[in-house]
Amino acid sequence: MWELFPSLRAVCVGPLGPVADAPAPRALLPGSFNPLHHGHTQLAAIAAARLGVAVHFELSVANVDKPELPRDEAERRAAQFAGLAPVWLTRAATFGAKADLFPGAAFVLGWDTAVRVIDPRYYGSEPARDNALRKLRDLGCTLVVGGRLDVAGVFRVWDGAGVADEFASLFVSLTEADFRADVSSTLLRRNV
């Protein structure tokens, strides 16, 4: 599988292994999955029920905030999905790059990631951020946002604060009653 990856933009690994010519998913939950945990799988299940489509997972070996994953680490993380669900390995570090790969897809994410999506610092300026959000909108993508604990330990759900009306339709908020799983990969790694 990995030897094909440098020439491909995305590789689907199904529950039983790599899938040749897999149709593009209509919904994906991107993450680093270090480790995969029940919060990821529960959020995917809730979003699938809400959207009426299966939610696949996406693991990008490139990340805006972190170094590129080495091959063995990417393979280890992808192996967590064996027998569970399809995972797409990509080099799409930004949501704009993900939208290029999966136009029309719904991307399922946590509140903390949605806050970063609208933060101009990740784009260099507000106009660049707005252009990136327009790209998502123009490619027919949506962002389904599940709640997360913030750094102060307060559970936060997406309320649209900080996003211009022009982009409000990009976001679909899940309420706390829809989804709450107070777990994080970072905390799981610390407790090992």
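Here the structure is a predicted model, which means the values were calculated and not measured. (Residues numbered from 1 in each chain as written. Predicted model: local features only at pLDDT ≥ 70, side-chain atom pairs only at ≥ 80, totals over all residues. Heavy atoms only, no water.)

S.K.: What is the right way to look at unusual backbone geometry in this model?
M.R.: Only a minority of non-glycine residues have a phi that is not negative, and only a minority of peptide bonds are not trans. Cis geometry marks the peptide bond from Asn-34 to Pro-35; its omega dihedral reads 10°. Note that Pro-35 resides in the loop between strand S3 (27–30) and helix H1 (38–51). Even without being a glycine, Phe-33 presents a positive backbone phi close to 50°. (Helix = DSSP H or I, 4+ residues; strand = E, 2+ residues; numbered from the N terminus.)

S.K.: Which parts of the structure should I look at to understand the packing of aromatic side chains?
M.R.: Any two aromatic rings considered together are summarised by their centre-to-centre distance and by the angle between their planes. The full count for this structure, using the stated rule, is six aromatic pairs. Here Phe-33 and Phe-57 contribute two aromatic rings whose centre-to-centre distance is 5.6 Å and whose plane-to-plane angle is 80°, an arrangement assigned as edge-to-face. On the criterion of sequence distance, the pair formed by Phe-33 in the loop between S3 and H1 and Phe-57 in strand S4 (residues 56–60) is long-range, its members being 24 residues apart. With 5.0 Å between their ring centres and 45° between their planes, Phe-57 and Phe-81 make a pair best called tilted. Of the two residues, Phe-57 sits in strand S4 while Phe-81 sits in the loop between helix H2 (71–79) and strand S5 (87–90), which places them 24 residues apart along the sequence. What makes Phe-57 buried here is its relative accessible area of 3%. Members of the aromatic cluster, joined through ring pairs, are Phe-33, Phe-57 and Phe-81. Over the ring of Phe-95 we find Lys-98, and its NZ or CZ is 5.7 Å from the ring centre. (Phe/Tyr/Trp six-rings, centres within 6.5 Å; stacked < 30°, edge-to-face > 60°. Buried < 20%, exposed > 50% of the residue type's maximum accessible area, 1.4 Å probe, protein only. Lys NZ or Arg CZ within 6 Å of the ring centre and 35° of its normal.)

S.K.: Is there a simple way to think about helix H5 (residues 126–138) in this case?
M.R.: Helical geometry note: an α-helix holds 3.6 residues per turn, so side chains three or four residues apart project in the same direction. Along its 13 residues, H5 runs 18 Å from first to last C-alpha, staying within 8% of the 18 Å computed at 1.5 Å per residue. Within H5 the residues assigned to the buried category are Arg-129, Asp-130, Leu-133 and Leu-136. The arc enclosing the buried residues of H5, seen along the axis, measures out at 115°, which places them on a common side. Across H5 from its buried face, at more than 90 degrees, point the exposed residues Pro-127 and Asp-138. (Expected span 1.5 Å × (residues − 1). Arc of directions from axis to C-beta.)

All quantities given are derived from atomic positions and should not be read as evidence of function.
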